[in-house]
Each structure stands twice: as C-alpha cells, then as structure tokens.
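Coordinate analysis (summary)
For reference, the chains in residue letters:
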Amino acid sequence: MIDRQQVLNFRVHAQQLDRAAGALADTAVLDLGVQDTGPDGAAWALAIRGVDVAALSEQDTVMLWTVRGAPHLYRRADVGRIAAAVEPFSDADAGKRIYDASKPLKAAGIANLAALDEVAARMREIVTTPTVKGDVSGAVAKLLPEPYLRFCRPCDTIHLYEMPFRLAALRAGLELDPGTSPPVLRRITGFRKAAAPGEQFDVVRAYLRLLGPATPKHVADYLDAPVKDVQAHWPEDVVEVEVAGERRWLLAADKPALTSAPAEATRLLGPYDLFLQAKDRSTLVADEARAKQLWPVLGRPGAVLSGGELIGVWRPRKSGKKFTVAVEPWGTMPARVRQAVTEQAERLAAHRQVDLTGIEFAS
C-alpha cells in the first residue's frame, strides 16, 4: 500500500524538481520530452530543474512535434532515438493519434501509417529551407488527394488535417525553429531515425520512471494511444503496488525510491510542466473544485509546488514594463513558504529578463 504523499515525493525526486543545479545530459525529463507551450514552457521547466538555460544553444537542444502533436524539447544528440520512441505502436494507434483524420483515410482504403509516410514524404520535398508552417501545409495540400484534406470554416479554404501534419513532421526529419510564431519548419541536419529507442527513451518506461506508479490507461491517455497497444509494450521488470485502492505498476529498480525523503523544494510550475501532465489527476489534486481551477478547458494557470504538494495556483501579469505574479493559495500559506514563493517569482522574472514589480497573494 502506497499513499499519495509517497507518490508525489517520488515524482518530485524523479523529475529533479528538488535539484539546485544539473546538466542537460542528466536531466531526466528530457528523456520523455519537455512540452513547450506558453511563455513559461520548456526553458522554464529546465530552469526550475537546475539547468542553466542561458548557456544552451541550438546545438544542444531540438524542438519537435511529438506526443499529442505538441511541441516538445529534447537533447539534439537523442533525436534519432526520440523519432523511434514516439512512433505509433500500430496502425490502430496511429489512427487514434490523428483523431478525425482517420475516418476519410479508412473510407478511401488508406492505412494510417501509410498516410503519415505519404504526408512526411511531401513535407520533406517542400522543406528544403526554413519554411513557415502555413506555406508548408498549403503546398502539401496541393499534392495530396481528398482523403487527406478538410474544409476549414474559419479560413474558408482547404487544409491538411492538423494531426497528420504535425505527426508527420518528425518522420520527414523536420524540426521547429524555436521561438517562431507562426512556427517555422526546417530540416534536421544529419537526421536518421534509430532502429529502436532503447530503454532510456522508451515512452512507456519513461512514463513509469517519471510519473509512476501508473496503470496502462494512464500511459495510454498521456500518449493518446489505445490501452491494448500500451499493454502489449508493458515492461516485464515492473512491480505492482496499490495506491488508494488501485493496482498500479512501477519499474522494479525504482521501488526503493518510494520510501525516499520528503520533497521540500518550492517551485512555480508552468501550466504544462510534466509534473502536471500525469493522468491520475486526483492523485495530484484530490479536491474537485481545485482540480477544475488548475486544469480549465482554456487558460491554464501555473501551480505552486511546495513540500511535495500542490498548494495553489499562480498567473503572470505583464503590462508594459510591469511584471507581477498573482498567487492564489489553497489554504493558509506559512510565512516561510510565502518567502520561498517570492524567491521563485523573482527567479521567474530573471528568467524572463524583466524586473519583478510585485507579487500578489490572494487572501
């Protein structure tokens, strides 16, 4: 029997959220990918795990559309194995990951994986120099038949389906130019997909290592993959534990870490930080009203992590040269924790290269 506090402490340590300093090479979350959504995305996620992001260059990292079609940051040296790791497990898995695009392909007798390969081939032909996403999509749409295309009402035009386009990009050996909006696609120099990802980058193992203990459904929900495909790739070297009456699994090598010391660090997690991406949300936040506040349909806030618990939400507010951080605690916040939150807000402002003009604690 494992209690939720042990689970949360395990994840804080596994994700190195209590680390003061560390190198890119040993930053564990980069094995699964660091989502880069919003201004406090991948770079901030690395910064709060002790990485000196100011010292990094484009030779160190690469931005790719991968899990759930979202942009994720990885080590550039790992790109070939990442390409193998994020490959759909099966044609059915590919169909689930591309959502509604699968239906017209099936009706036309086109397999989902074959469709991804076709889109990737056309993208590779077109992107010979850095090219804006819209230009790539428009050019590919002219080369492909109707089953690959959809009518976009807001644009009043014909587009490729979005998810096949995103998931085909890495198959085409394309990366995202960091910081570009709209996104710019460019070729990955020397790209070659590995034959297999290896244990370090295997997405099921990485989820268990960073977000365990977990069930196959948790992993499937994270990947947008069918549960049966995840079960077919479930590691053999796992141990079963019970969390709140639910059977879950953990890599056997990680079981001793479940009894590790409490996690004392205070951090301002970005809205899409990996810690918040776990699919057992009730383990992270038991209160339903607080969960709705943390994970609204639109406009997610960040979360305040302290002592291994999520203890509130925060939002940045920038107006001209003014930058403030608004914090809404969930309950009483001791003075020492307020001071730690203030220090983290100052760290965020320095990361954004602005002056912190104030921090507001809601009563």
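To be clear, the structure that these remarks concern was listed above.
Residues numbered from 1 in each chain as written. Predicted model: local features only at pLDDT ≥ 70, side-chain atom pairs only at ≥ 80, totals over all residues. Heavy atoms only, no water.

Looking now at the overall build of the chain. Scanning the chain from terminus to terminus reveals 14 helices and 15 strands. The C-alpha radius of gyration computed for the chain amounts to 21 Å, which stays within 12% of the reference 21 Å derived for 363 residues, consistent with globular compactness. With the C-alpha coordinates aligned to their principal axes, the bounding extent of the chain is approximately 60 × 55 × 40 Å. When each of the 363 residues of the chain is scored for burial, the buried share is 52%. Residue pairs in contact within the chain that sit at least 24 positions apart in sequence constitute 62% of those at least 6 positions apart. About 16500 Å² of surface is accessible on the chain, with carbon and sulfur atoms providing 52% of the total. Each charge sign in the chain was given a centre, from 46 positive and 45 negative side chains, and these centres are 3 Å apart. (Helix = DSSP H or I, 4+ residues; strand = E, 2+ residues; numbered from the N terminus. Rg over C-alpha atoms; globule rule 2.2 N^0.38 Å. Buried < 20%, exposed > 50% of the residue type's maximum accessible area, 1.4 Å probe, protein only. Contact = heavy atoms within 4.5 Å. Areas by Shrake-Rupley, 256 points an atom, 1.4 Å probe, with all protein chains shown as cover. Lys, Arg positive; Asp, Glu negative; His and termini not counted. Charge placed at Lys NZ, Arg CZ, Asp CG, Glu CD.)

This next bit is on the pairing of strand 8 (residues 184-187). With two bridges joining them, strand 4 (residues 131-132) and strand 8 adopt antiparallel strand pairing. Following the sheet pairing, valine 132 is matched in strand 8 by valine 184. (Pairing = 2+ DSSP bridges.)

Further remarks concern the pattern of salt bridges. A full pass over the atoms with the stated rule returns 29 salt bridges. Of the charged contacts in the structure, one is a salt bridge between lysine 133 and glutamate 162, with a shortest N-O distance of 2.6 Å. Taken together, the positions of lysine 133 in helix 7 (residues 133-141) and glutamate 162 in helix 8 (residues 162-171) put the pair 29 residues apart, joining distant regions of the chain. Here aspartate 177 ties to arginine 186 by a salt bridge, and the two come within 3.2 Å at their closest N and O atoms. For arginine 186, a relative accessible area of 15% translates into the label buried. Through salt bridges with shared partners, one network takes in Asp31, Arg75, Asp78, Arg81 and Arg209. (Salt bridge = Lys/Arg side-chain N within 4 Å of Asp/Glu carboxyl O.)

Spatially, five strands are ordered 11-12-13-14-15 in an open sheet, and the strand pairing comes out mixed. If you trace the sheet from one side to the other, it starts and ends with strand 11 (266-269) and strand 15 (358-361), each paired once. Neighbour-to-neighbour, the strand axes of this sheet turn through a mean angle of 25°, independent of strand direction. In the sheet, strand 11 pairs with strand 12 (residues 302-306) via four bridges, with the strands oriented antiparallel. Residue pairing in the sheet places threonine 266 in a bridge with serine 306 of strand 12. (Axes fitted to C-alpha atoms, helices over the stretch in contact; angles between N-to-C directions.)

A word on the side chain of threonine 27. As for its position among the elements, threonine 27 is in the loop between helix 1 (4-14) and strand 1 (34-35). Apart from the residues within four sequence positions on either side, threonine 27 is in contact with Gln16, Arg19, Leu46, Val51 and Arg75.

In this section: unusual backbone geometry. Put simply, serine 181 and proline 182 share a cis peptide bond, and its omega is 0°. Within the secondary structure layout, proline 182 lies in the loop between strand 7 (174-176) and strand 8. With an omega of -10°, the peptide bond between glycine 212 and proline 213 qualifies as cis. Relative to the helices and strands, proline 213 is located in the loop between helix 9 (203-211) and helix 10 (216-223). Phi is positive for glutamine 16, close to 60°, though the residue is something other than glycine. If you check the backbone angles, alanine 244 has positive phi at about 50° while not being a glycine. By the element assignment, alanine 244 lies in the loop between strand 9 (238-243) and strand 10 (246-251).

General note: in soluble globular proteins, nonpolar side chains tend to be found buried as a group. Counting 104 residues, the largest nonpolar core has Met123, Leu185, Phe275, Leu294 and Leu310 as its most contacted members. In terms of residue count, helix 9 provides more of this core than any other element does, seven residues in total. Not counting residues within four places of it along the chain, the set of residues in contact with leucine 310 comprises Leu269, Phe275, Leu276, Leu284, Val285, Leu294, Ala303, Val304, Leu305 and Trp330. Ranked by size, the runner-up nonpolar core spans eight residues in total, among them Val7, Phe10, Val243 and Leu250. (Core = buried A, V, L, I, M, F, W, Y, C linked by side-chain atoms within 4.5 Å.)

This paragraph deals with the packing of aromatic side chains. Per the counting criterion, the structure on display carries three aromatic pairs. In this structure, arginine 68 packs its charged tip against the face of tyrosine 222, placed 4.7 Å from the ring centre. Lying over the aromatic face of phenylalanine 361, arginine 338 brings its terminal NZ or CZ to 4.5 Å of the ring centre. (Phe/Tyr/Trp six-rings, centres within 6.5 Å; stacked < 30°, edge-to-face > 60°. Lys NZ or Arg CZ within 6 Å of the ring centre and 35° of its normal.)

Another aspect to go through is helix 6 (residues 112-126). Under the 1.5 Å per step criterion, the end-to-end length of helix 6 is 21 Å for 15 residues, consistent within 8% with the ideal 21 Å. For helix 6, every residue scored as buried is listed here: Asn112, Ala115, Leu116, Val119, Ala120, Arg122 and Met123. Projected onto a plane normal to the axis of helix 6, the buried residues spread over an arc of 165° and lie on a single side. Among the structural elements, helix 4 (91-97), helix 5 (102-107), helix 7, helix 8, strand 7 and strand 8 are those in contact with the buried residues of helix 6. (Expected span 1.5 Å × (residues − 1). Arc of directions from axis to C-beta.)

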